[in-house]
Amino acid sequence: MAMQDHKIFVDGMTCTNCSLSVRKKLEKSGFSKVSVNLANGETRFSSEGEIDLQAICQEIDNIGYSARIEEAQSVRQNPLILRFFIALPFTLVLLVHMFLPMDHWLNNPLLQLGLATPVMVIGWMQFGKGAISSVKNRMANMDVLILSGATAAYFYSIYGSFFIEGNSHQYLFFETAATIISLVMVGNLIEHYSVQKTSSAIDALKGIQAKEAKILRGGKVISIDLHQVMVGDTMYVNSGDHIPCDGEVIEGTGSINESMITGESFPVFKEPGKNLMSGTLVSDGNFQVRVSQVGHDSTLSKIIKLMEDAQGEQAPIQALADKVSGIFVPVVIGLALITYILNYWVFNIGLEDSIMRSIAVLVISCPCALGLATPTAVVVGIGKAAKAGILIKSAKVLETFAKVNNIIFDKTGTLTNGQFVIQSYEVFKYDRVQTDSIIYTLEQHSSHPLAKAMVSLLDGAHIDYSIDEFKEIKGIGIYGMDPDGNRYSFGSFRLLKDSREDDENYHLFLMENNTCIARIQLKDDIKSHAKEMLGYLKEKSVNSFILSGDQESKVAELSRALGISHYEAQLSPQNKLDFIKLYKQNGITAMVGDGINDAPALTLSDVAISFKQATDIAVHSADIILLQENELDSLTQAHHISRLTLKTIKQNLFWAFSYNLIAIPMAAMGMIEPMAAALFMAFSDVVVVGNSLLLKIKK
């Protein structure tokens, strides 16, 4: 049975332990490929066949969280806000008593019990279900620490005030219990809204998705829901419209703003025969468009899906944080008990101070920052890349590309424009018209950049020529046969059996029954920003190589022009694979390519990079897709963003680890009160999320 992918959203997760609990629950239920994104609650998993998602959401609800299907997102109200504003006034009144004389009426134990109890009830409503469920699942989460600290302060105050004779005021810590709960809810609220901002790139893309399309039906143009549009429909778009579906212009001219998809700031002129992408904006003009892709197959939907997948995947660097968080809560509870024993029984600290120090240890120990360190940075980094017209398919790719040691480039269409002009054309048997026709007929059935260039150059100059039984061999050329049994082939010098003088100066050869009947020399310019990009890589100590199937002289000439000392020419796809294996032995290796012959090497490389106009197979093999017209400038940006994101993750993890290493001993020694501990705990989350958000404004 085929595997089905599913997605739900889970609210109420406050730390890595929470996400681990959800993941463990889904895995116990028999699901595979479970991915839980703590930053935005998005949870993905796979199953055999169809399932009842609502029933799965109920199972997640039963372990203390709130799960929902995506469509229900807009109608669910977060109860945290209401609970916080109910608890706040009680907490503020309790805090006032600390500044009043002992005989003031606010210091009455019964009154303080009455003020603290509603806050404790709210605390148990907010954190209790999650704490109990996590303990049942043997994955104690942050809720356990919060409730342990607040409940200990609450019942200690009751016991001291009403069951011990003497000065009951020394046992009044009701305000501590209430403040812990209120401050943690403040931190959760700040964290909730901060994390929402990290996902703004996806939200922005979803915001430009059209809900309706103007379609020609029954001789009339009518507006219909987007899901009713079919491939082949005639769609009308006018100035100011966001294009609902992918399609080809059949009538009309104008300019399209593609910046929201490609990052390209200048409008792109479109005319009949040109393709339009869903989500882009008609700056000027009116178009009739033949719909080619709808629904999940449209460009915009694919980009959103890629970004959601990438943001939901766990980066390798997160593994250490997950291991620590998995054992964190039990260790902290143990440390709190040790703190009490050492303070009270060994160092003879008073009962009151010993208990308060133990409570402070419970409250200040926050695994939330550890859990947020990686996903928040990844979400912002991938979103920043998308706004620049760079699609990064996973968090793992982002981290790997930041550490890359070698980048290997194909030549034609990668470092050069692939927009060729014919510099020299020699025919040896037929006239130019018949030769053009043979080449045109063959190249129509190839997707190589050179083939596309030849079709464009010869379009309109050909006559009908009957050739069939086409076969393309990667790195060599394309073959076909006419009705008389003549075998034609057109491609690289590898087709030659016997070479003529100066054949090395020509790029393409037309063969009839193994005899060369024409040869063509093309001119191809170096892409803009190529030199700047290679200079940047050299500055970052990244080695650059060229692997090309082209002739030695052509590759050597390009290498000299770009200052690349390491290159290999006249390579087959298998040769490229062998070199990729060799380079990978010396470090992380990325490959940049755009043709069918590059696909195997792209697949084998650690990071595969391709362009939006590349062949479908190259794009599907790619981990990073560059959508801008200036692809090589985008490559520089992609590497820089990857490095910045990895640096941010490391900073976040450093803060999260060092915070706990410093804060826990300070709390154990009585240097931090429980209320201050709750404030510092919330502050640690804000620091991590805030540092991730700084990625948005970094150049």
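What you are looking at is a predicted structure, and each value in this text was computed from that prediction instead of being measured.

Asks: Honestly, the overall build of the protein in this entry has me stumped. Any pointers?
Replies: Tallying secondary structure elements over the protein gives 22 helices and 26 strands in all. Counting every position in the protein, which comprises 699 residues, the buried fraction comes to 54%. Within the protein, contacts between residues separated by at least 24 positions form 67% of all contacts whose residues are at least 6 apart in sequence. Looking at the protein as shown, the accessible area adds up to about 30,800 Å², and 56% of this sits on carbon and sulfur atoms.

Asks: Please explain unusual backbone geometry as it appears in this structure.
Replies: With glycine set apart, most residues show a phi of negative sign, and most peptide bonds adopt trans. In this model, N348 sits at a positive phi of 55°, which is unusual for a non-glycine residue. Tracing the sequence through the fold places N348 in the loop between α10 (318–346) and α11 (351–364). Here N514, not a glycine, exhibits a phi torsion of approximately 70°, which is positive. One can find N514 in the loop between β20 (508–512) and β21 (515–523). You can call N514 exposed: its relative accessible area is 53%.

Asks: What should I look at first to understand the confidence of the model for the protein in this one?
Replies: For the protein, the mean per-residue pLDDT works out to 82, and 84% of the residues sit at or above 70. Within the protein, the lowest mean pLDDT, 61, falls on helix α20 (residues 616–621), and the highest, 95, falls on strand β15 (residues 406–409). The model gives residues 71–76 a pLDDT under 50, and that stretch makes five contacts with residues more than four places away or in other chains.

Asks: Explain the sheet that holds strand β22 (residues 543–547) to me, please; I cannot follow it from the model alone.
Replies: Strand pairing in a sheet is mediated by backbone hydrogen bonds. Such pairs are either parallel or antiparallel. On the basis of which strands lie adjacent, the open sheet formed by seven strands has the order β14-β26-β25-β24-β15-β22-β23 and mixed pairing. Edge strands, defined here as strands with exactly one partner in the open sheet, are β14 (390–392) and β23 (566–568). Across this sheet, the average inter-strand angle for adjacent strands is 20°, counted without regard to direction. Looking at chain direction, strand β24 (residues 589–592) and strand β25 (residues 607–611) are connected through three bridges and run parallel. Bridge pairing links A590 to V607 in β25. Those strands touched by helix α13 (residues 395–402) are β14, β15, β24, β25 and β26 (624–626), and its axis lies near 100° from that of β25. Packed onto the sheet, helix α21 (residues 631–668) meets β14, β15, β24, β25 and β26 and runs at close to 45° relative to β14.

Asks: I'm lost on the pairing of strand β17 (residues 468–473) in this one. Help?
Replies: A regular strand places its side chains on the two faces of the sheet in alternate fashion. Both β17 and strand β18 (residues 477–481) contribute to a ladder of four bridges, which runs antiparallel. Paired with E472 across the strands is I478, a residue of β18. Between β17 and β18, which pair antiparallel in sequence order, lie three residues; one of them, G475, sits at a positive phi of approximately 80°.

Conventions and cut-offs
- Residues numbered from 1 in each chain as written.
- Predicted model: local features only at pLDDT ≥ 70, side-chain atom pairs only at ≥ 80, totals over all residues.
- Heavy atoms only, no water.
- Helix = DSSP H or I, 4+ residues; strand = E, 2+ residues; numbered from the N terminus.
- Buried < 20%, exposed > 50% of the residue type's maximum accessible area, 1.4 Å probe, protein only.
- Contact = heavy atoms within 4.5 Å.
- Areas by Shrake-Rupley, 256 points an atom, 1.4 Å probe, with all protein chains shown as cover.
- pLDDT = per-residue confidence, 0-100.
- Pairing = 2+ DSSP bridges.
- Axes fitted to C-alpha atoms, helices over the stretch in contact; angles between N-to-C directions.

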